[in-house]
Each structure stands twice: as C-alpha cells, then as structure tokens.
Amino acid sequence: MNARIEAAPLDEHHSGRRPKLVVVGNGMAGIRAVEELLKLAPDLYDITVFGAEPHPNYNRILLSPVLAGEMTIQDIVLNPLQWYADNNIGLYTGKTVTKIDRTARKVIASDGTEEEYDRLLLATGSTPFILPIPGNDLPGVISYRDIKDTDEMIAAAATHKHAVVIGGGLLGLEAANGLKLRGMDVTVVHLMPWLMERQLDKAAADMLKTSLEARGLKFLLEKQTEALIQGESGRVCALRFKDGLEIPADLVVMAAGIRPNTALAESARLYCNRGIVVNDTMQTYDPRIYAVGECVAHRGIAYGLVAPLFEQAKVCANHLANFGIARYSGSVLSTKLKVTGIDLFSAGNFMGGEGTDEIVLNDPAGGVYKKLVLKNDTLVGAVLYGDTADGAWYFQLVKDGQNIHEIRDHLMFGQNHVGDVGHAGKTHAATLPDDAQVCGCNGVCKGDIVKAIKANGLFTLDEVRKHTKASSSCGSCTGLVEQILASTVGGAYTPADTKDKPMCGCTDHSHGVVRQAIRDQHLLTIPETMQYMEWKTPSGCASCRPALNYYLISTWPGEARDDPQSRFINERAHANIQKDGTYSVVPRMWGGLTTPSELRAIADVADKYQVPTVKMTGGARVDLLGIRKEDLPKVWADLGRAGMVSGHAYGKSIRTVKTCVGAEHCRFGTQKSMAMGVKLERMLFGMWSPHKVKLAVSGCPRNCAEAGIKDVGVIGVDAGYELYVAGNGGIKTEVAQFLCKVKTDEEVKEYSGAFLQLYREEGYYLERTCHYVARVGLDHVKAAVVDDPVKRKELYERLLFALQDYEDPWQQAVQQPAVRREYQVIRLEEVTT
Amino acid sequence: MSDWIRVCALDEIAPQGSRVVASSQGNIAIFRTADDAVFGLHDKCPHKGGPLSQGIVHGETVTCPLHGFKIGLKDGAAVAPDKGCARRFAVKAEGGAVWLQLN
Ligand code: SRM
Ligand SMILES: Cc1cc2nc3c(=O)[nH]c(=O)nc-3n(C[C@H](O)[C@H](O)[C@H](O)COP(=O)(O)OP(=O)(O)OC[C@H]3O[C@@H](n4cnc5c(N)ncnc54)[C@H](O)[C@@H]3O)c2cc1C
Ligand code: SF4
Ligand code: FES
C-alpha cells in the first residue's frame, strides 16, 4: 500500500531535494525516534517507514491488558494511519525488508519494493526465542509478541481448556494471568528456582507466587521441558518434562526470552554482537545507518523494556536532526508487573553482592517485602512487593546516584512517611478503586488517569499532567500518579531526571546550568539569556520567564531590571488573584503586631470599598478579600496613609515572621520574641526568593509561634537563640533542622540572613528551603553559614545590599501613573445605534 | 460589521502585556506581543472563566492565571490537550493607536 512517487535520485548536497530517511520497523522505538525528529526538524527529511506487521504503530506493552480483556486492539494504536499522512510519511505496512544495499544506498523488501536512503534507521525489534525441542512447530504452539499472537491466544481460550506458559518472567506471567482471566486452566513452567529471577530476589518472588496461586494459577518450577506432544487432531495436546512428567496442553505459549532481530543487519555485513552494535550516538558501524530499540546492543547491553528505547530514540533523533549534542550512556532499569491488583517493583542492582549493604523489611503475613541495596552512601537497587508507594522515589535516587548519607536511617520508611495531605492518606495505587479521587486540587479520579494513559499512549508524568491535570497543581499526589502510571505501562515508565531536568519545553538546559550561565556570562536581561542559551521559543513561556526574571534580579541586584511582564499576575498586581478575578489585600503587620489606628484604617477600607470578606490569615494578619482590581490603588492609598505597606502575601518573597508574646509579657519567656521578629521582618522587607519564605520567633521552647515548621525558625533559650532551617508546614510537613545556637539579636539577623542569601543564590525557582536543603545537604549550608565567618559575613552583606532602598510596591502604584495603568479598565465610547 | 473604535495608544499597553476593555459585550482583553502585534479576546477563559487579561503573554499565546490553560491569541483556542475556545474580537494597531471592532 501507499506506494511512493520517486524523486529523482540526486545527491543529498544538491539543493532542491530533501534527504531521504528510511525506517525499517514500524514499532515502538522506530516511530518514537521519528516523532522526536519531527519535533526537532519537521521538514528535514522525506521519511519512509517499512513495517512487517499489517498495522500502524501500536502500544505493544498494552497487549497484556488486551489479552486480559481490559482493552481492545483499537484502544492501543499509538499513531493511526492519518498521523503518517499528516506528517507526509510514506508507510508500507505488511512489507518486510530483506536486503540493504549499502553501496547503492537502498533497501529492498521481500516483494521487490525498493527505497533509496540518505540515512537509514533500523528498528527491527526482537523475536521470541523458540525452544529447540520436538513439537515446537505444532499448531497451538505460539509465542507472545504481537497482535497476531494475542488474537490466537484469545481464540484458543474460547475453544480450549489447558494452557501452559513456558517461562516465568514478566511476559510469561502477564500471558498466564490473561489466559486465566479468559477462563483457561493455566500452568506456568519455569526452569529457574523462582519467578522473575531477573527482576526479583527469591523472597519477593515467593510472595508473588503465593498471591498468583491464590488467583488460580499453577506453577512448576525448576522443570525442563523435553518435548511437545501432538494430539489426534494434529494440534499440541501435552507437554513432557525431562523427568518424565506429562501435563495436558492445548495451548503452549513460549515466553522464554527474546533475541534481537539482527538478521537483516548481518546480511548487510553490519557489525553485530548480541544486537546491532551502536555507539553513544546510536550510529552503527556504517555512519549513514542508525539503529534503536530491542535490536540494538549498546555498550554490550540489549534492552528489552520501553523506557531505555525511548531514551535511545531521543538521542538518535537529535543526531538525525543534525544537532549533534545528545549522547546515550545506558539506562538503569526498573520493572513493574502489569497484573491488576499486584504491587511489585524493582530497580537497579537489587541482588547486591560485593561491597554492598542491604536494608530489608520482611512481613510475609502482611504481604509486604522491601529490600534496599546500598553502596558507598548511594542507593543502587530496590525490590518492593506489596507496598510500592515509594518505588518512583527509590528509582529516582538510584538514577541520580544521590548521596543518601543524611537520610539513611529513615530511607526504608520512604519519602512520604510523614505529612502528605490531600488524598485521605491513601498511598497505594493498586488497591484504589477507579472512582477514588487521586488529585484533590483538580478532582481527578484514578479511572480518569488510567483511561487517559491508555487512550493517549502516555508514558511520562508530564504527559499525564498535561492530559488530565492530575498532580499539576499542588503536586501532593505526584507519588500516587507515578504509581498509577507505572502499574499501567509497566517498565515503560521512567521518572523524569531531577538533576538535569530541562527547565521547561523551551530549553534543554536545567535550572542549575541556566543560573550558572547568568552568573558566569554576566547576563542581564531575559532576551539576552534566551539568546545565549539558545532558547527554542521566541519569548519563553509562563514557566521559564518568571524563573529567569528571578535569577537575573537575584544575581545582579541593582543591575538587572525587573520585568513585570515575566511575573505571575499576583506579583505584577501586588495582590492575590481570586477565582472570580477579584483580588485580596493583606497589609503587613510586622511580627504580627498591630495598633488600634491600623485596625481602624482597615475597618474603614472594608466599609468604603464594601469588602465582602475580612478574615484572619494563617499568617497572623488581616486579609481583605474580594476587591476589584480597579480599586486596589485606592485601597492602598488609604492603608498607606495609616502607615501600612504591602504584606507580600502574594509573592515568592518574604511573607510573615510569626511571633509569640515572649519575654515582653509571658511568664515563661526567655527572649523578647516580638522585638526579634519585628527586627527580622524589617530586615527582610522586599526580599524576593526562589519561593516564599516564612519565619517564626518563639520566646521559649514551648514554641507557640510554631518555629519548627518554618523556613527559618528562631527559638529563645536562656543563653540566646536556637536557629532552625528548612521547615515547611504546607503540602508536606517538614520539620525544620537545627542549624546552630547564637547569643545576640544581631547574630540571629546575620546567621538567618546569610542562610536566606545562600538559598537566594543557589535555590532553583519554586524550590522551598526544605527542597533546597534536601538537594544540597545541611552540611553544605553549615559550611557556608556556620563554620566560615568570612563567607557568612559576605552572604549577609550581599543580602543587605540587595534589599537596600526597597520601596513599598503599593505606594509606587499609588504614585506613578505608568504603574497605575495596570489597574485601570478602559471604557469604550460605543455609539449605540 | 460595526466600526473600528479607538481603544488607547499602543504605548498604553506594555509589550507582552494586556489591558481590559469594558464593553457592551462584556470585558475584552487586548494583548500586545513582544513584536507589537495586537489581539483581542473575550476576557473569560474557556476553562472556568478566568480573566485571560491577567495571564503571562509569550509568543502569540497567553497562559491563564487561574489553572494554566494556554490560549492562542490568534484563534482563541486552547492549546492541546486542553480544549475550549475564547471568543475573538478584531483588533488592529494603526497610527500609534489600538482599534477594536465589536462583533
Ligand atoms: C491567605 C492564606 C490563607 C488564610 O486565609 O489563612 C493563604 C492563601 C493562599 N495560599 Fe497559603 N495562605 C496562607 C497561609 C499559609 C500557611 C500558614 C502560614 O503561613 O503560617 C501555609 C503553610 C506554611 C508553609 O508555607 O510552610 C500555606 C501554604 C501554602 C502552600 C503550600 C506551600 C508548600 O511549600 O507546601 C501554597 C502553594 C504554593 O505556594 O505553591 C499556598 C498558596 C496559597 C495561595 C496564594 C494560592 C494561590 O496561589 O492563589 C492562596 C491565596 C488565596 C487567596 O485567594 O487569596 N499556601 N499557606 C494565608 C496567608 C498567610 C499570610 O498572612 O501571608
Ligand atoms: C505482551 C508484551 C508486554 C510487554 N510489556 C512491557 C512492559 O510492561 N514494559 C516495557 O517496558 N516493555 C514491555 N514489553 C516490551 C516492549 O514492548 C518492547 O521493548 C518494545 O516494543 C520494543 O520496541 P522496538 O521498536 O525495539 O520493537 P517492536 O516494537 O517489536 O518493533 C519492531 C517492529 O519492526 C518490525 N520489523 C522487524 N523486522 C523488520 C523488517 N525486516 N522489515 C520491516 N519490519 C520489520 C516488526 O514487525 C515490529 O513491528 C512488552 C512486550 C510484549 C510483547
Ligand atoms: S487558601 Fe490555601 S489551603 Fe485554602 S484553598 Fe487556597 S491554596 Fe488551598
Ligand atoms: S480558568 Fe483558565 S485555566 Fe482554569
């Protein structure tokens, strides 16, 4: 089908003709590479795809739910024929390429069809390994790889009774589960002493076996199959083992491994060794020929899961598009069994061995088993059974090679052992019913997420966020969404790289790299930064522009100019936008203190502008809610006359310094906490930061100001003050960590100021202090702020320098006409007819 | 088609900014891009009615301030996978001023 009209065979350097890219293999890796290429360079090539199967590209991993009766073939198509047409891709389905003529640079299919290429991409996948035993070609003996196999299994289940699956790995178990659900009597035969030995250790595998047996599956372990026996109908009827045992079998599924499809490459004399050998740019030994997917051997490894293949596809596309910067350096693997209701996860090196330590939690009665493998203060592998809530987190730690020295003692209890709110404390995805709400912010249920993943072929958290909005607001359900994703797409799921994760779709650079470049290159404006860092979009997006603006003004105070148009509306309008488009106004009350005249002014404003709601905030001050934008400057003028300034309740900035009554009045108070709080708040007025910053000062360890969950917490003790940092009372409660003890008020200012300046200089945008300190480590903070007096003083001075001459933004809006314009509505002079 | 009505001077809208125009047809958001193109949309996000005028303008798109829908300034359509469309108004910049046509 879709025969192509030939363009005249010119050399690719000639003008007027686009180079030709031919892709052999219409499967998951090949088409992903084409998709990535189209994103980078949509018009660079004339693309032609050959696929041996008679279908457009589909999501092979979802053949398991199709077999289990949970989905249909139509549901799992990733790129319908229309997609090929829309992108001008020539597609031959049902056509196998049998020859590559490297001299004439063309491929030839079994029916004689020829296509010339300038670049060739081999993505031929792999073939199931068929045991070399008598009877392996009988009717009723199949493998499990494609739509045809799946259809055959479904048909056999309708008419036959006894199924035997050879191979107790991932694929075999998913096949067995599906056939069982379709009513067959299923036995899994496995050569090894435990199931999924490549993904699980024995303890976890035994628990898995027990729960699969409870579902009615049978297992024969450490059994070697000798022959398949033909019945009277000509179809297979039984299976015989080496030890003489015979069991009935009307359907035999071979799931005993796969072999990379290298025959085509080998016939073209491309170097193959357990796969088509490629370098870090996915190039074969012939520079015009690239290869990706299961057919490939990269640094000696052939991968059999989707996640690494997608990484390969991305790198390959980068080179095909002539960008030439990406490298593939191998992947750490994780596995998730896609059997509904079973929670199982493994990642990295989970068997341990020389030089490794293990932390194990084993509760067979409770059905939970967890093993963490550590090496030199890093996590190198994990196996989880029964409770996989932290799988994604562990996988991330393994991938990032993060130093876990400081969290070692509670590593086993996972990331979410305290404080997560917003989904009724539910942390296990597998047991959730479809109608359970997962994302409390956007009202998204588990069923919606699973449906979107399957219907749209989603593989990453970002894609799920885009399509469902789940976990895209406060993010507290991220772990749960990751689990749902992992259990739906199995090992195809990889958590995003946190370390070098690009800032957003506009760039490939991470926050860290961009911050560094702004400092090293003395970049002063957003356009300059975008140009230097080769931004992919002309003016960024709502996610990178506020970050860049912050990096510029915090790195070059007094030099870089603030760009209001790159600030979120709250910071542009100096008030909080409400769901109905009105705003809220929170005047500052230094240290939580107020006066009768301030309160009177607030009351007058509330009357004069008919403010619908007046409330005390959780930050110990007054909120005036529901004010029209046009009225904001007038409200501020009135408040300003009473001496009040912006409370910045809207900003990534200093918010509040909560205080208790302290030694001024309290019978237990050891320090004057109110006065200390006011000093701190006055010092920090006007401070912009990566995220919001909250402080508290308590007069004694009874801690009535809740200093233990603040970005900086100060607690008065007899001999001075204790300082705590990196607490958080929001989405995930984090207890602040002890930084040091100081004696005087001046020292409280200097130490907390230095800590906040370090955070301002090193924090990534939208990273609260708790996340920042988790990333760099408390030791790093102590080294700069506590141990090194020179550094501390410098940090403190840089903070004071950045904050000098800060003017109240409310009064600016009141006084400067150009600023005031932001608040004015234009009224049209319409001619009414 | 009604007449072109003068809205304001072009300089009275910041580049990558917007202004709100109150009209008999509801609030209209007038946007100015970095390269001085102007666009008009009904100031109501197709998602939950958020005021698009208050969003961040990037390229020829605005991101709604409430829940982050991206809306194309040219056609008023939400960028996929989000769905929905904000009503468009004809707007032009001419002689240093911005003009609007009511539907
Ligand atoms: C007004 C107030 C609620 C109240 O009526 O008490 C409030 C209101 C909002 N909070 Fe808050 N927070 C308020 C105290 C808090 C507190 C308690 C506190 O400050 O002691 C917390 C937990 C403490 C903490 O931050 O560690 C808090 C944790 C959050 C969070 C989660 C932050 C986190 O890192 O986990 C968000 C979301 C965010 O910032 O991304 C948030 C965001 C918001 C926003 C700004 C949502 C938004 O982006 O529009 C809310 C604006 C509502 C509106 O319509 O104006 N609010 N918020 C409080 C203002 C305090 C003030 O005087 O400035
Ligand atoms: C039932 C099942 C469940 C799975 N579950 C998971 C899972 O949960 N997680 C996970 O990560 N992975 C899973 N996998 C593995 C995953 O599907 C593969 O890793 C992935 O599909 C490999 O992609 P590929 O493009 O390399 O090969 P394929 O997707 O197999 O594509 C190769 C294509 O090339 C075609 N082809 C081969 N030779 C030629 C030729 N000479 N000419 C033309 N066309 C040719 C083939 O017909 C095939 O369509 C599963 C696989 C199966 C079968
Ligand atoms: S004020 Fe805070 S807690 Fe309340 S709804 Fe808004 S963001 Fe959520
Ligand atoms: S109202 Fe615009 S995104 Fe929700």
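Preceding this paragraph is the structure being described.
Small disclaimer: the values here were computed from a predicted structure and weren't measured.

**Overview of the overall build of chain A**
Across its full length, chain A holds 25 helices and 37 strands. Its C-alpha atoms put chain A at 100 × 70 × 65 Å along the principal axes. Once local pairs closer than 6 in sequence are excluded, the contacts in chain A between residues at least 24 apart make up 62%. Summing over all exposed atoms, chain A offers an accessible surface of approximately 35,800 Å²; the carbon and sulfur share of this is 51%. If the 93 positive side-chain charges of chain A are averaged to one point and the 100 negative ones to another, these points end up 2 Å apart.

**Some thoughts on the nonpolar core**
Residue and element names in this part refer to chain A. In this structure, Met153, Leu173, Leu179, Leu208, Leu251, Val253 and Ile449 are the most contacted members of the largest nonpolar core, which totals 74 residues. Ranked by the residues each element gives to this core, the list is headed by helix 12 (residues 478-489), at six residues. In contact with Leu208, not counting residues within four places along its chain, are Leu173, Met196, Leu200, Leu337, Ile342, Leu344 and Tyr385. Counting 53 residues, the second-largest nonpolar core is a separate cluster that includes Leu21, Leu121, Ala313 and Ala321.

**Quick look at a nonpolar patch on the surface**
All names here are of chain A. Among the surface-exposed residues, Leu40, Phe323 and Ile325 lie close enough to one another that they form a single nonpolar patch of about 300 Å² accessible area. Residue placement: Ile325 occurs in the loop between helix 8 (306-320) and strand 21 (334-336). In this structure Ile325 comes out as exposed when scored by relative accessible area, which is 64%.

**Brief notes about the sheet that holds strand 23 (residues 357-363) of chain A**
Residues and elements named next belong to chain A. If you trace the five strands from one edge of the open sheet to the other, you get 21-22-25-24-23, paired in antiparallel fashion. Both outer strands of the open sheet, strand 21 and strand 23, are each paired with one neighbouring strand and no more. In this sheet, adjacent strand axes meet at a mean angle of 10° when their direction is disregarded. When strand 24 (residues 368-375) meets strand 25 (residues 378-385), the two strands line up antiparallel, connected through seven bridges. Residue pairing across strands places Leu374 opposite Leu379, the latter belonging to strand 25.

**A closer look at the state of the cysteines**
Formally, a disulfide is one covalent bond, and it connects the sulfur atom of one cysteine to the sulfur atom of another. Taken as a whole, this structure holds zero disulfides over all chains when the rule is applied. Of the cysteine sulfurs around Cys504(A), a residue in no disulfide, the closest is that of Cys544(A), at 3.7 Å.

**Some details on the site of ligand 2**
Residues and elements named next belong to chain A. Near ligand 2, the surroundings consist of 36 residues, among which Glu53, Arg145, Glu294, Val306 and Lys338 are the closest. A distance of 3.5 Å separates an oxygen atom of ligand 2 from a polar atom in the backbone of Gly304. For ligand 2, the protein covers 93% of the area, taking 1,000 Å² as the surface of the free molecule. Those elements giving two or more residues to the shell around ligand 2 turn out to be helix 1 (28-40), strand 2 (46-51), helix 2 (63-67) and helix 8.

**Some words on the interface of chain A and chain B**
The interface of chain A with chain B comprises 30 residues on the first partner and 32 residues on the second. Overall, the association of chain A and chain B removes approximately 2,400 Å² of surface from exposure, summing both partners, and the carbon and sulfur fraction of that is 59%. Joining chain A to chain B, the criterion identifies one salt bridge. Between Lys469(A) and Asp82(B) there is a salt bridge, and its shortest N-O distance comes to 3.1 Å. For the interface between chain A and chain B, the tally reads eleven residue pairs in polar contact (both at pLDDT 80 or more). Where the side of chain A that touches chain B is concerned, the elements lending two or more residues are helix 11 (461-468), helix 15 (544-555), helix 16 (569-573) and strand 37 (825-827) of chain A. Top element by residues in the side of chain A that touches chain B is strand 37 of chain A. It accounts for three residues.

**Notes on the pairing of strand 14 (residues 236-241) of chain A**
If a strand is regular, its side chains alternate between the two faces of the sheet. Residues and elements named next belong to chain A. Both strand 13 (residues 225-230) and strand 14 contribute to a ladder of five bridges, which runs antiparallel. Across the sheet, the residue bridging to Leu228 is Leu239, located in strand 14. Bridge count between strand 14 and strand 15 (residues 246-248): three bridges; the pairing is antiparallel. Across the sheet, the residue bridging to Ala238 is Pro248, located in strand 15. Joining the antiparallel neighbours strand 14 and strand 15 is a turn of four residues, in which Gly244 adopts a positive phi near 100°.

**Let's talk about the sheet that holds strand 7 (residues 119-122) of chain A**
Residues and elements named next belong to chain A. One open sheet accounts for five strands, arranged 3-2-1-7-19; its pairing is parallel. Across the chains shown, the open sheet's two edge strands, defined by having one partner strand only, are strand 3 (89-93) and strand 19 (289-291). Direction aside, neighbouring strands of the sheet carry axes that sit 15° apart on average. As judged from the five bridges shared by strand 2 and strand 3, these two strands associate in the parallel manner.

**Re helix 4 (residues 147-159) of chain A**
Residues and elements named next belong to chain A. In this model, helix 4 (13 residues) spans 19 Å end to end at C-alpha, consistent with the 18 Å of a helix rising 1.5 Å per residue. Restricting attention to buried positions, one finds in helix 4 the residues Ile147, Asp149, Thr150, Met153, Ala156 and Ala157. Packing partners of the buried residues in helix 4 comprise helix 2, strand 9 (141-143), helix 5 (170-181) and strand 16 (251-254).

**A closer look at the pattern of salt bridges**
Summed over all chains, the structure comprises 48 salt bridges over all chains. Sharing partners across several salt bridges, the network here consists of Arg628(A), Glu630(A), Asp631(A), Lys634(A) and Arg827(A).

**As for the pairing of strand 23 of chain A**
All names here are of chain A. Across seven bridges, strand 23 lies against strand 24 in antiparallel orientation. Looking at the pairing, Asp363 lines up with Val368 of strand 24. The turn joining strand 23 and strand 24, which pair antiparallel and follow one another in sequence, is formed by four residues; a positive phi near 70° is taken by Gly367.

**A short note on helix 15 of chain A**
Given a rise of 1.5 Å per residue, twelve residues ought to cover 16 Å, and the 16 Å separating the end C-alpha atoms of helix 15 of chain A matches this to within 8%. Within helix 15 of chain A, twelve of the twelve residues are buried, which leaves the element mostly enclosed by the surrounding structure. Within helix 15 of chain A, the full set of buried residues consists of Cys544(A), Arg545(A), Pro546(A), Ala547(A), Leu548(A), Asn549(A), Tyr550(A), Tyr551(A), Leu552(A), Ile553(A), Ser554(A) and Thr555(A). Turning to helix 15 of chain A, the residues buried within the fold contact helix 13 (511-520), helix 14 (526-532) and helix 20 (745-762) of chain A together with strand 5 (56-58) of chain B.

**What to know about the environment of Ser24(B)**
Within the fold, Ser24(B) resides in the loop between strand 2 (17-23) and strand 3 (26-32). Sequence-wise, Ser24(B) and Leu102(B) are 78 residues apart; in three dimensions their C-alpha atoms are separated by 8.9 Å.

**Some thoughts on the packing of aromatic side chains**
Residue and element names in this part refer to chain A. Under the defined criterion, the tally for this structure stands at 15 aromatic pairs over all chains. Relative to Phe395, the ring of Phe345 lies with its centre 6.4 Å away and its plane at 65°, an arrangement referred to as edge-to-face. In this pair, Phe345 sits in strand 22 (residues 344-348) while Phe395 sits in helix 9 (residues 391-400), placing the two residues 50 residues apart along the sequence. One exposure class covers both Phe345 and Phe395, and it is buried. Ring centres of Trp393 and Tyr394 lie 5.4 Å apart, and the angle between their planes is 40°; on these two criteria the pair is classed as tilted. Look at Tyr394 and you get buried, because its relative accessible area is 1%. Members of the aromatic cluster, each reached through a chain of ring pairs, are Tyr550, Tyr551 and Tyr765. When the ring centre of Phe310 is taken as origin, the NZ or CZ atom of Arg32, which lies over that ring, is 3.9 Å away. Positioned over the ring face of Trp590 is Arg682, at 4.1 Å from the centre of the ring.

Thresholds, definitions, all that
Residues numbered from 1 in each chain as written. Chains lettered and ligands numbered in written order. Predicted model: local features only at pLDDT ≥ 70, side-chain atom pairs only at ≥ 80, totals over all residues. Heavy atoms only, no water. Helix = DSSP H or I, 4+ residues; strand = E, 2+ residues; numbered from the N terminus. Contact = heavy atoms within 4.5 Å. Areas by Shrake-Rupley, 256 points an atom, 1.4 Å probe, with all protein chains shown as cover. Lys, Arg positive; Asp, Glu negative; His and termini not counted. Charge placed at Lys NZ, Arg CZ, Asp CG, Glu CD. Core = buried A, V, L, I, M, F, W, Y, C linked by side-chain atoms within 4.5 Å. Buried < 20%, exposed > 50% of the residue type's maximum accessible area, 1.4 Å probe, protein only. Patch = residues over 30% accessible without salt bridge, like charges linked within 9 Å, V, L, I, M, F, W, Y side chains within 5 Å. Salt bridge = Lys/Arg side-chain N within 4 Å of Asp/Glu carboxyl O. Pairing = 2+ DSSP bridges. Axes fitted to C-alpha atoms, helices over the stretch in contact; angles between N-to-C directions. Disulfide = S-S within 2.5 Å. Near = heavy atom within 4 Å. Polar contact = N/O pair within 3.5 Å; in protein donor to acceptor, adjacent residues only side chain to side chain. Buried area = accessible area lost by both parts, 1.4 Å probe. Expected span 1.5 Å × (residues − 1). Phe/Tyr/Trp six-rings, centres within 6.5 Å; stacked < 30°, edge-to-face > 60°. Lys NZ or Arg CZ within 6 Å of the ring centre and 35° of its normal.

Honestly, that's just the spatial picture; any functional story needs more than this.
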